[in-house]
Amino acid sequence: GESVGLHLPTLSVQEGDNSIINCAYSNSASDYFIWYKQESGKGPQFIIDIRSNMDKRQGQRVTVLLNKTVKHLSLQIAATQPGDSAVYFCAENRRRGSNYKLTFGKGTLLTVNP
Amino acid sequence: DAGVTQSPTHLIKTRGQQVTLRCSPKSGHDTVSWYQQALGQGPQFIFQYYEEEERQRGNFPDRFSGHQFPNYSSELNVNALLLGDSALYLCASSLLRSANEQYFGPGTRLTVT
């Protein structure tokens with residue numbers, strides 16, 4: 001079965017608040033963890049990734065935290081905007097030589113209320 | 001610079017038929033991956049093509065096959081369609097060395113009746 005899953009299927013926040021989307025994984029052999037955003041009618045869009053030997057990585061308004069002890073990944077979005085409303089997927093990347101495979105979780109629907 | 005394009009946008013087929021979906025990768029990308037996304041689910045990896053060869057495959061039956069052309073474009077073929085094959089089929093392109101940052105197309109919505 002899947003090794004990447006999410007705690008909550010939906011999350012509703014007020015515009016301007018910070019959002020935290022969580023993800024649990026079971027495979028310690030993953031090389032990278034990645035967050036994707038999928039808006040309605042579109043394909044997923046890369047947000048940020050983190051190497052498995054890191055604890056934290058920051059991007060523009062987003063921060064990903066990796067807790068390998070409890071196999072937990074989170075995406076924090078600062079000052080959430082209506083345009084952030086989408087489904088967010090965590091994914092893991094396992095490399096075997098020059099080959100790789102992305103495994104996606106089920107996704108969390110983020111709704112930003114004005 | 002065009003992103004990833006897929007055709008057709010929508011497709012309706014009957015059980016037992018065969019279907020071919022097409023994908024043109026983002027300019028400069030050498031790797032194409034195909035995913036199946038059922039409603040309300042995350043994308044499921046079907047297979048990956050690089051240098052015109054299938055390099056990695058997910059847990060999909062042999063009814064699912066593909067091809068990559070010298071210009072890096074790709075096709076996904078599904079034979080003997082089942083009702084359960086109804087889904088959004090996503091193509092993603094990347095550079096092999098930057099596998100995490102895949103660029104997805106808008107997908108082809110396949111409905112099998």
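Residues numbered from 1 in each chain as written. Chains lettered and ligands numbered in written order. Predicted model: local features only at pLDDT ≥ 70, side-chain atom pairs only at ≥ 80, totals over all residues. Heavy atoms only, no water.

A. Focus on the interface of chain B and chain A. The interface is formed by 25 residues belonging to chain B together with 21 residues belonging to chain A. Across the interface of chain B and chain A, roughly 1,900 Å² is buried in total on both sides, 47% from carbon and sulfur atoms. Broken down residue by residue, the surface that chain B buries against chain A is led by Q56, N100 and F104 of chain B, which jointly contribute 29%. Joining chain B to chain A, the criterion identifies 0 salt bridges. Where chain B packs against chain A, one counts 5 residue pairs in polar contact (both at pLDDT 80 or more). (Contact = heavy atoms within 4.5 Å. Buried area = accessible area lost by both parts, 1.4 Å probe. Salt bridge = Lys/Arg side-chain N within 4 Å of Asp/Glu carboxyl O. Polar contact = N/O pair within 3.5 Å; in protein donor to acceptor, adjacent residues only side chain to side chain.)

B. Representation of the layout of surface pockets in the model. All names here are of chain A. Approximately 450 Å³ is the volume attributed to the largest pocket. Those elements giving two or more residues to the lining of the largest pocket turn out to be β9 (86-96) and β11 (108-113). Of all the elements, β9 adds the most residues to the lining of the largest pocket, at 3 residues. Residues belonging to the lining of the largest pocket are distributed by class as follows: 9 nonpolar, 12 polar and 4 charged. (1 Å grid on protein atoms, 1.4 Å probe; cavity = no way out; pocket = protein on both sides within 12 Å on 5 of 7 lines; lining within 4 Å. Points joined across faces, edges and corners; volume = space filled by probe spheres on them. Helix = DSSP H or I, 4+ residues; strand = E, 2+ residues; numbered from the N terminus. Nonpolar A, V, L, I, M, F, W, Y, C, P; charged D, E, K, R; others polar.)

C. The packing of aromatic side chains, seen in detail. Residues and elements named next belong to chain B. Per the stated rule, a full pass over the model turns up 11 aromatic pairs over all chains. Measuring from centroid to centroid gives 5.1 Å for F60 and F64, while their planes differ by 65 degrees, and the two rings are edge-to-face. A relative accessible area of 15% means that F60 is categorised as buried. Since its relative accessible area comes to 2%, F64 is described here as buried. In this structure, K26 packs its charged tip against the face of Y103, placed 5.1 Å from the ring centre. (Phe/Tyr/Trp six-rings, centres within 6.5 Å; stacked < 30°, edge-to-face > 60°. Buried < 20%, exposed > 50% of the residue type's maximum accessible area, 1.4 Å probe, protein only. Lys NZ or Arg CZ within 6 Å of the ring centre and 35° of its normal.)

D. Structural detail: the sheet that holds strand β7 (residues 64-68) of chain B. Residues and elements named next belong to chain B. With antiparallel pairing, the 4 strands of this open sheet are ordered in space as β1-β3-β8-β7. Both outer strands of the open sheet, β1 (5-7) and β7, are each paired with one neighbouring strand and no more. Across the sheet, the mean angle separating the axes of adjacent strands is 20 degrees when strand polarity is ignored. With 3 bridges joining them, β1 and strand β3 (residues 19-24) adopt antiparallel strand pairing. In the strand pairing of β3, T5 is matched with S24. (Pairing = 2+ DSSP bridges. Axes fitted to C-alpha atoms, helices over the stretch in contact; angles between N-to-C directions.)

E. Looking closely at unusual backbone geometry. Of the consecutive residues S7 of chain B and P8 of chain B, the connecting peptide bond is found in the cis state with omega at -5 degrees. Relative to the helices and strands, P8 of chain B resides in the loop between β1 and β2 (10-13). One non-glycine residue with positive phi stands out, namely A79 of chain A, at about 45 degrees. For A79 of chain A, the position within the fold is in the loop between β8 (72-77) and β9. Among the residues examined, A79 of chain A registers a relative accessible area of 37% and is labelled partly exposed. One non-glycine residue, Y72 of chain B, adopts positive backbone phi at about 80 degrees.

F. Broad picture of the side chain of T80 of chain A. Residues and elements named next belong to chain A. With respect to the helices and strands, the residue T80 is situated in the loop between β8 and β9. Residue classification places T80 among the buried positions, given a relative accessible area of 1%. Of note is the side chain of T80, whose polar atom sits 2.7 Å from the backbone oxygen of D17. Residues in contact with T80, not counting those within four places in the same chain, are V13, E15, G16, D17, N18, S19, R61, L110 and V112.

G. Looking closely at the pattern of salt bridges. Residues and elements named next belong to chain A. Across all of its chains, the model carries 8 salt bridges over all chains by this definition. A salt bridge links D49 to R57; its shortest N-O distance comes to 2.3 Å. By relative accessible area, which is 12% here, D49 ends up buried. With relative accessibility at 37%, the residue R57 sits in the partly exposed group. Note that D84 is salt-bridged to R61, the shortest N-O span being 2.9 Å. Here D84 is found in the loop between β8 and β9, whereas its partner R61 is found in the loop between β6 (56-58) and β7 (62-67), with 23 residues between them in sequence.

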